[in-house]
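So you can see what is in the structure, the chains are spelled out below.
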Amino acid sequence: MATRGGAAAGRPYELVVFGASGFTGHFVAEEVARVAAGAELRGSLRWAVAGRSRDKLQGVLDRAAERLGKPELKSEAGIILCDVSDPSSLADMAKQAAVVLNCVGPYRFFGEPVVKACVENGTSCVDISGEPQFLEGMYLKYNDKAAEKGVYVVGSSGFDSIPADMGVLYTRDNLKGTLTAVESFLTVKSGPEGYSIHDGTWKSAIHGLADQDNLRKLRKQIGHKPLPVIGAKLKRRGLVFYSQEFKEYSIPFMGSDVSVVKRTQRYLHTDLQETPVQYAAYATVGGIASVIKLMFAGLLFFLLVKFSFGRNLLTKYPELFSSGRFTKKGPTQKQIDGSSFTMTFFGEGYCEGQDPQQGKPNVKICTQVKGPDAGYVATAIAMVQAGVALLKDASSLPKQGGVYTPGAAFSRTKLIDRLNKHGIEFSVISKSEA
């Protein structure tokens, strides 16, 4: 039987990386190897890689062993053969693990069989999906079953959306008073080699935007009431605006951060009676030339994604329609090494002792989350540390198992401390007090 946190007694592996031979999966496998050799877990973590091809999985371990200078890694980690299209093989994998790190996407097509196998076999599961329809669909379908089994299914545990979700909580915890509203601004920097993103992310965006109607229907099925607005209402900015804070143009961030943070705030308000925080997410895009280029590309994308022939074109020629930002090969190692991100949070609220329902906000705070390459390095760090938190911080997890956002699952754990130690840094930039 699974115990709290999914650390099932008597299982051969604590962490299993499923899809380790995929583009993102091999970064996650390498990060597990790095963490397993670190001070906290040195010699104690039992882990394995899982997928369809033994040769490819062995190749992942060989590459990690070479990059980390750990030749013994080739024999330390286990190999499990399984296929997302074979339920019995997924069940066999789940039975061998306390926590599965699922790297096989797009999750709307391949995610549910893994969640099902994990929940049915008492295994916790972490994914890096940025697809709201998948994330919220899994909540609707498996939350009660996961609670019965005492396991934790934690979605969006990569760059989408741990920096945003945990960043809002970090901002709240560092404000003296009641935080009521936060805006975040994402800035991504690339080196002289430029940057590209693997087209798996592109495909997820295509199918997600094409299926907005079904997402609305799903949310009606879930039937949540609107969250109460505490404090002054957060004003939404335009589709394109000049940010005085960064002296460049910005746009609303198109990822899953807003929906994930909202789900976390709903849980904290409903289950823990905490004040819900309003949230808006933006991304900086540069000067006017960048804005014009982005607008034309965006209009073409939104036009084509409405039709099946358009979606086929977008899927077949990602480089053409994304101006080279998305490619079938993904970024080179040099591009990854030269990339970094900064997410800056501007929060406002009410000082200690003041009723947030009365008057205007009178305290402000600015915080940051900074890290290496967002798409693959930071994603791997975040995912692995989420898995470690499930294993090591079990007493600080929600009392019941279920399908959770990162903030809901990890708000009382040491996840932020763990991330700080592994290269994703949370810091307070400034704060004003009444």
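Residues numbered from 1 in each chain as written. Predicted model: local features only at pLDDT ≥ 70, side-chain atom pairs only at ≥ 80, totals over all residues. Heavy atoms only, no water.

Colleague: Tell me what's going on with the nonpolar core, and back it up with residues and numbers.
Modeller: Core analysis: the biggest nonpolar cluster contains 91 residues, and Val28, Val32, Trp47, Leu101, Phe410 and Ile424 have the highest contact counts within it. In terms of residue count, helix 16 (residues 374-392) provides more of this core than any other element does, 13 residues in total. Not counting the four nearest positions on each side in its chain, Val28 is found in contact with Val17, Leu101, Cys103, Ala380, Met383 and Val384. Of all hydrophobic cores here, the second largest spans 18 residues; its members include Tyr13, Cys82, Met93 and Val104. (Core = buried A, V, L, I, M, F, W, Y, C linked by side-chain atoms within 4.5 Å. Buried < 20%, exposed > 50% of the residue type's maximum accessible area, 1.4 Å probe, protein only. Helix = DSSP H or I, 4+ residues; strand = E, 2+ residues; numbered from the N terminus. Contact = heavy atoms within 4.5 Å.)

Colleague: Could you give me a rundown of the sheet that holds strand 7 (residues 178-189), with the residues and numbers involved?
Modeller: If you trace the seven strands from one edge of the open sheet to the other, you get 9-10-11-7-13-14-16, paired in mixed fashion. Only two strands of the sheet have a single neighbouring strand rather than two, namely strand 9 (241-243) and strand 16 (425-432). Going across the sheet, the axis of each strand differs from the next one's by a mean of 30°, ignoring polarity. Across the face of the sheet, helix 8 (residues 162-173) comes into contact with strand 7, strand 11 (278-286), strand 13 (340-350), strand 14 (363-372) and strand 16 while running at roughly 40° to strand 13. Each of strand 10 (248-252) and strand 11 is contacted by helix 12 (residues 288-304), which is oriented at about 110° to strand 11, the strand it contacts most. (Pairing = 2+ DSSP bridges. Axes fitted to C-alpha atoms, helices over the stretch in contact; angles between N-to-C directions.)

Colleague: Which residues make up the packing of aromatic side chains, and what values do they have?
Modeller: The tally for this structure, following the rule as stated, stands at 20 aromatic pairs. Residues Phe241 and Tyr282 carry aromatic rings whose centres are separated by 5.2 Å and whose planes lie at 85° to one another, so their mutual orientation is edge-to-face. Of this pair, Phe241 sits in strand 9 while Tyr282 sits in strand 11, placing them 41 residues apart in sequence. Here the aromatic rings of Phe307 and Phe309 are separated by 5.9 Å at their centres, their planes lie at 25°, and the arrangement is stacked. For Phe307, a relative accessible area of 41% translates into the label partly exposed. One aromatic cluster is present, built from ring pairs that chain together Phe185, Phe241, Phe246, Tyr282 and Phe346. Above the face of the Tyr282 ring, Arg237 is positioned so that its terminal group lies 5.9 Å from the ring centre. (Phe/Tyr/Trp six-rings, centres within 6.5 Å; stacked < 30°, edge-to-face > 60°. Lys NZ or Arg CZ within 6 Å of the ring centre and 35° of its normal.)

Colleague: Would you mind going over the pattern of salt bridges in detail, with residue names and values included?
Modeller: One pass over the structure, following the stated rule, counts 17 salt bridges. Measuring nitrogen to oxygen at the nearest pair gives 2.9 Å for the salt bridge that ties Glu120 to Lys116. Of this pair, Glu120 and Lys116 are both found in helix 6 (residues 112-120), four residues apart, which corresponds to roughly one turn of the helix. Overall, the relative accessible area of 37% leaves Lys116 in the partly exposed class. (Salt bridge = Lys/Arg side-chain N within 4 Å of Asp/Glu carboxyl O.)

Colleague: Talk me through the environment of Lys217; I want residue IDs and the actual numbers.
Modeller: Structurally, the position occupied by Lys217 is in helix 10 (residues 212-222). Owing to a relative accessible area of 54%, Lys217 belongs among the exposed residues under this scheme. For Lys217 and Gln357, which are 140 residues apart along the polypeptide, the C-alpha to C-alpha distance reads 33 Å.

Structural measurements only, silent on function.
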